[in-house]
Amino acid sequence: MTLKDRFSHDVEALQDRMTHALEDLDGSGKFKEDLWTRDEGGGGRTRVMEDGALIEKGGVNISAVHGALPETIQNHFGVDQGWFYATGLSLVLHPKNPMVPIVHANFRFFELYDNQGMTNVVDRWFGGGADLTPAYLFREDAVHFHRVWKEVCDRHGDTLYPEFKQQCDDYFFNHHRGEARGVGGLFFDYLRETGEQTAEQWYAFVTDAGDRFLDSWLPIAERRRDESYGEEERKWQELRRGRYVEFNLIHDRGTLFGLKTGGRIESILMSLPPRVQWSYRAEPEADSREAELIRVLREPEEWI
């Protein structure tokens, strides 16, 4: 079995494990499944939960798409023609309680070919990561999230966690706001075979990371789901969701890639929250819990 076929199988199994665990955690919400195909080649399996007890909106999507590279992507890679295969899992969870953080994760594999039969691989790489976006900062939650990912990284290389943590801080940053989207986690892309790391080693790392996602977020959600909140906390949550939307629509490479390659709009925009606000010049009161979050977002910290 080829590397891409093995990874496609892995993300299918991972989606099943994740959605079953999240339904158990929520208690009442159920994922609706939507199978779709892409005219140019391939398709996917979208699973979305709405109006659950814990998860107000969430999705765990997988896809395996292939075909000729669109012109915009050819220009990006600097090729005159080409064909590609891309497979992966993407997850976003928007909790109802403002004390439970938004979480996002993605694990993907890409191959590039110079023949239409897609038999001659000219490039391939892994990408992905996971990041946490709280509306209210609980430091022990941020530490837990980062500790899980550091443990994963340390099993595969001493330098991976600091490198991928920094890449996450740099990538998930709303430059037009001067603040991070959240408290970070891991971000990695273009993990190619090199003299130091084989494709099999990267495969082992990325699948290990996928397997640990539930350990990174479920304990936090269980700890915060019954925290009390009122309308003011809900309003702040919806304002912070607005920043999440801004990042996804302005900066996120995965969203832009999906739109430029004729991706399925409903699946691409599944990441957007159901209720969101934008208020003119919204700033928190000094020394408030909301202000503490903003300080950390403007000056990302080392959590481990």
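Look up a bit, the structure's there.
In this report, the structure presented in the accompanying data block is examined.

1. Description of the overall build of the protein chain
- Secondary structure summary: the protein chain contains nine helices and nine strands in total.
- Taken over the C-alpha trace, the protein chain has a radius of gyration of 19 Å; the compact-globule value for 304 residues is 19 Å, and the two agree within 12%.
- Considered along the principal axes of its C-alpha atoms, the protein chain spans approximately 60 × 40 × 35 Å.
- Restricting the contact set of the protein chain to residue pairs at least 6 apart, pairs at least 24 apart contribute 71%.
- In the structure as shown, the protein chain presents an accessible area of about 14,000 Å², 47% of it carried by carbon and sulfur atoms.

2. Describing the sheet that holds strand β2 (residues 42–50)
- Strand order in the open sheet formed by seven strands is β1-β2-β3-β4-β5-β6-β9, and the pairing between neighbours is antiparallel. Taken across any chain shown, the strands that pair with only one partner, and hence form the sheet edges, are β1 (32–37) and β9 (184–191). Put simply, the sheet's adjacent strands are angled 5° from each other on average, direction ignored.
- Of the strand pairs in this sheet, strand β4 (residues 83–95) and strand β5 (residues 102–113) are connected by eleven bridges, and their pairing is antiparallel. Of the residues in β5, the one forming a bridge with Y85 is E111.
- Docked against the sheet, helix α6 (residues 231–250) engages β3 (55–68), β4, β5 and β6 (121–133), running at close to 165° with respect to β4.

3. Section: unusual backbone geometry
- If you check the backbone angles, M118 has positive phi at about 55° while not being a glycine.
- Here M118 is to be found in the loop between β5 and β6.
- Exposure remark for M118: the relative accessible area of 23% places this residue in the partly exposed category.
- Positive phi, normally seen in glycine, also occurs at D287, with a value near 65°.
- Tracing the chain through its elements places D287 in the loop between α8 (265–268) and α9 (289–298).
- Accessibility expressed as a relative area gives 81% for D287, which makes it exposed.

4. Notes on the packing of helix α3 (residues 139–154) against helix α5 (residues 199–224)
- Two elements in contact, α3 and α5, have axes whose closest approach is 9 Å; the angle formed by their N-to-C orientations is 165°. Between α3 and α5, the angle is such that the two are roughly antiparallel. In this structure, α3 meets α5 at a crossing whose hand is right-handed. Residues E140, D141, H144, F145, V148, W149, E151, V152 and C153 of α3 form the contact with α5, whose participating residues are F205, D208, A209, R212, F213, D215, S216, P219, I220, R223 and R224.
- Along the lines of polarity and charge, the residues of the contact of α3 with α5 split into ten nonpolar, two polar and eight charged.

What counts and how
Residues numbered from 1 in each chain as written. Predicted model: local features only at pLDDT ≥ 70, side-chain atom pairs only at ≥ 80, totals over all residues. Heavy atoms only, no water. Helix = DSSP H or I, 4+ residues; strand = E, 2+ residues; numbered from the N terminus. Rg over C-alpha atoms; globule rule 2.2 N^0.38 Å. Contact = heavy atoms within 4.5 Å. Areas by Shrake-Rupley, 256 points an atom, 1.4 Å probe, with all protein chains shown as cover. Pairing = 2+ DSSP bridges. Axes fitted to C-alpha atoms, helices over the stretch in contact; angles between N-to-C directions. Buried < 20%, exposed > 50% of the residue type's maximum accessible area, 1.4 Å probe, protein only. Parallel < 35°, antiparallel > 145°, perpendicular 65-115°, else oblique. Left-handed = near helix turned anticlockwise from the far one by under 90°. Nonpolar A, V, L, I, M, F, W, Y, C, P; charged D, E, K, R; others polar.

In short, the description is geometric, and any link to function would need to be established separately.
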